[in-house]
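Reading the structure
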Amino acid sequence: MSALPLTRVPFEPLPAAREPLRVALAGCGVVGGGVLPRLLDRPDVVLVSVLVRSPGKIRSPEPPPGLVVTDPAALLAREPDVVIDTLSDASVSLALIRAALSRGVHVVSASKQAVAADVDGLSALAAATGVTLRYSAAVGGGVPMLEAVQLAREMGPIRRIEAVLNGTVNFLLNRLATGYPFEAALAEAQAAGFAEADPSADLTGRDAAAKLFLLSRAAFGATGRLPDRVEALGPDFQSGAEPVRQLAVADCAGGQITLAPVAGDPLFADLADAGNAIRITLADGRVLSRTGLGAGRAPTAESVWADLTDLLTSRVGAGADGAEL
Ligand SMILES: NC(=O)c1ccc[n+]([C@@H]2O[C@H](COP(=O)([O-])OP(=O)(O)OC[C@H]3O[C@@H](n4cnc5c(N)ncnc54)[C@H](OP(=O)(O)O)[C@@H]3O)[C@@H](O)[C@H]2O)c1
């Protein structure tokens, strides 16, 4: 088995570590808007640009007007050291990540669809230009799932991963179990900010499939593949007495996403609202699990921030005058 680089390899120390870190923020919606105030608050960070699609949109928080651009090339022209990608358009994300890595710019991405579309190519590009690609927020939102997989790998070979990876679907299944009609449950998920205006990636299982793929690559290296079977959740779903979860399961032979009964398995059965959870079983039988909020502004921005903080820490480690972290 050829192992991929672990997802939390240390950032390459930056040479000009005495200067503030130049950060460009791509996307200023749910996730980007959660990261923005932190960027503006750090003396060792300078925000150089913010990429959005509709610059006239009312936002909370508002980015500094002089920094707003609508073209990814204009974002990179501000010469950032790091691009934080929180775009909702996976093809624009993927092109931006490639362009940034090619120029020797570090990338922290929240976009599972963009990273999963070419995780090997992007990792190779980052290695070739001596920078790092991080995407902790892309899997598990605020739950450090990739970090848990890395820790498990350090303990020994992984036999199996089981996880609930989509907060929106978990929220819906909980509501449906209490007798909500499907459309009412979906409307509530959208009002609560869990489900997007177009929830098809969640409902078809595409979102969970991309996340399971990234976890499988981290756990099983090159043998980690896209799931062979992905079951969708739709209005015809019949809730029974037993709790059901959108369960993502993978081993080195493959994976699947199914709507599976989980009675008697409290890690998954007791997951409230937009909860996510993962259980990693090692070949020797030891088990690691993590649970928490898989979506939403605060937990996801926290995860992005953890990746960025690693970069700042690496600069301090390189001898900078950097602020206390
Ligand atoms: N929301 C969550 O809980 C969560 C959790 C984990 C991961 N993620 C991932 O994080 C990413 C962002 O999610 P989000 O919920 O923050 O989405 P969002 O609220 O819709 O924000 C997306 C941002 O991307 C900008 N954008 C989209 N297409 C663009 C384009 N072609 N050019 C320039 N800007 C563009 C939008 O600009 P405008 O504001 O002008 O429209 C917006 O600021 C997605 O990949 C998502 O899968 C989200």
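Residues numbered from 1 in each chain as written. Predicted model: local features only at pLDDT ≥ 70, side-chain atom pairs only at ≥ 80, totals over all residues.

Let us now look at the overall build of the chain. When helices and strands are counted, the chain shows 12 helices and 12 strands. Here the C-alpha radius of gyration of the chain, 20 Å, is about what a compact globule of 325 residues would show, namely 20 Å. C-alpha atoms of the chain, sized along the principal axes, occupy 60 × 50 × 35 Å. (Helix = DSSP H or I, 4+ residues; strand = E, 2+ residues; numbered from the N terminus. Rg over C-alpha atoms; globule rule 2.2 N^0.38 Å.)

The subject of this paragraph is the site of the ligand. Around the ligand, the structure places 25 residues, and the nearest of them are G27, G29, V30, S111 and A295. Looking at the shell around the ligand, the element that brings in the most residues is helix α1 (residues 30–40), giving 3 residues. Each residue belonging to the shell around the ligand can be placed in one class, and the counts come to 11 nonpolar, 10 polar and 4 charged. (Near = placed C-beta within 6 Å. Nonpolar A, V, L, I, M, F, W, Y, C, P; charged D, E, K, R; others polar.)

Our focus in this paragraph is the pairing of strand β1 (residues 21–26). Within β1, 5 of the 6 residues are buried, leaving the element largely enclosed by the surrounding structure. For β1 and strand β2 (residues 45–51), the ladder comprises 6 bridges, and the chain directions are parallel. Paired with R22 across the two strands is V46, which belongs to β2. Direction of pairing for β1 relative to strand β4 (residues 82–85): parallel, over a ladder of 4 bridges. Opposite A26, over in β4, you have D85 as the bridge partner. (Buried ≥ 20, exposed ≤ 12 C-beta atoms within 10 Å, placed from the backbone. Pairing = 2+ DSSP bridges.)

This part takes up the pairing of β2. Extensive coverage of β2 is indicated by the burial of 6 of its 7 residues. Running through α1, the crossover from β1 to the neighbouring parallel element β2 is right-handed. Strand direction decides the pairing type here: β2 and strand β3 (residues 68–69), joined by 2 bridges, are parallel. Across the sheet, the residue bridging to L51 is V69, located in β3. (Right-handed = clockwise from strand over helix to strand, strands pointing away.)

Time to look at the confidence of the model for the chain. Looking at the chain as a whole, the pLDDT averages 90, with 91% of positions reaching at least 70. In this model residues 1–7 is a low-confidence stretch, pLDDT under 50, and it forms 18 contacts with partners more than four residues away in sequence or in other chains. Note that pLDDT drops below 50 for residues 317–325; the model gives that stretch 20 contacts with residues more than four away or on any other chain. (pLDDT = per-residue confidence, 0-100. Contact = placed C-beta atoms within 7 Å.)

Below, the discussion takes up the packing of helix α6 (residues 145–155) against helix α10 (residues 206–220). α10 packs onto α6 with a crossing angle of 20° between their chain directions and a minimal axis gap of 9 Å. The angle between α6 and α10 falls in the class roughly parallel. By crossing handedness, the relation of α6 to α10 is classed as right-handed. Listed contacts from α10 to M145, L146, V149, Q150 and R153 of α6 are L215, A218 and A219. Across the contact of α6 with α10, the residue classes tally to 6 nonpolar, 1 polar and 1 charged. (Axes fitted to C-alpha atoms, helices over the stretch in contact; angles between N-to-C directions. Parallel < 35°, antiparallel > 145°, perpendicular 65-115°, else oblique. Left-handed = near helix turned anticlockwise from the far one by under 90°.)

Further remarks concern the packing of helix α7 (residues 167–177) against helix α8 (residues 182–191). For any two helices packed against each other, the geometry comes down to the angle between their axes and how far apart the axes lie. Contact geometry of α7 with α8 gives a least axis separation of 9 Å together with a crossing angle of 135°. Taken together, the axes of α7 and α8 lie oblique to each other. The two elements α7 and α8 meet at a crossing, and its hand is right-handed. On α8, the residues touching T168, F171, L172, R175 and L176 of α7 are F182, A185, L186, E188 and A189. Along the lines of polarity and charge, the residues of the contact of α7 with α8 split into 7 nonpolar, 1 polar and 2 charged.

We now examine the sheet that holds β2. If you trace the 6 strands from one edge of the open sheet to the other, you get β3-β2-β1-β4-β5-β6, paired in parallel fashion. The open sheet terminates on both sides in strands that have one partner only, identified here as β3 and β6 (133–134). Of the strand pairs in this sheet, strand β5 (residues 106–109) and β6 are connected by 2 bridges, and their pairing is parallel. Bridged to V107 within β6 is L133. Across the sheet, α1 is in contact with β1, β2 and β4; its angle to β1 comes to roughly 160°.

Moving on: the sheet that holds strand β9 (residues 244–251). Each strand in a sheet pairs with another by means of backbone hydrogen bonds, the pair being arranged parallel or else antiparallel. As summarised here, the arrangement of the 6 strands in space is β8-β10-β9-β7-β11-β12, forming an open sheet in which the pairing is mixed. Each end of this open sheet is capped by a strand with a single partner; those strands are β8 (229–230) and β12 (287–293). Relative to strand β10 (residues 254–261), β8 runs parallel, the two being bridged by 2 bridges. The residue bridging V230 from the neighbouring strand is I257, located in β10. Its contacts with the sheet place α7 against β7 (158–164), β9 and β11 (275–282), and it is angled at close to 140° to β9. Contacting β7, β8, β9 and β10, α10 runs over the sheet at an angle of about 35° to β9.

With that settled, the discussion passes to the environment of G27. Mapped onto the secondary structure, G27 falls in the loop between β1 and α1. Spatially, the C-alpha atom of G27 lies 5.4 Å from that of L51, the residues being 24 residues apart in sequence. Apart from residues no more than four positions distant in its own chain, G27 is found in contact with G32, L51, D85, T86, L87 and S88.

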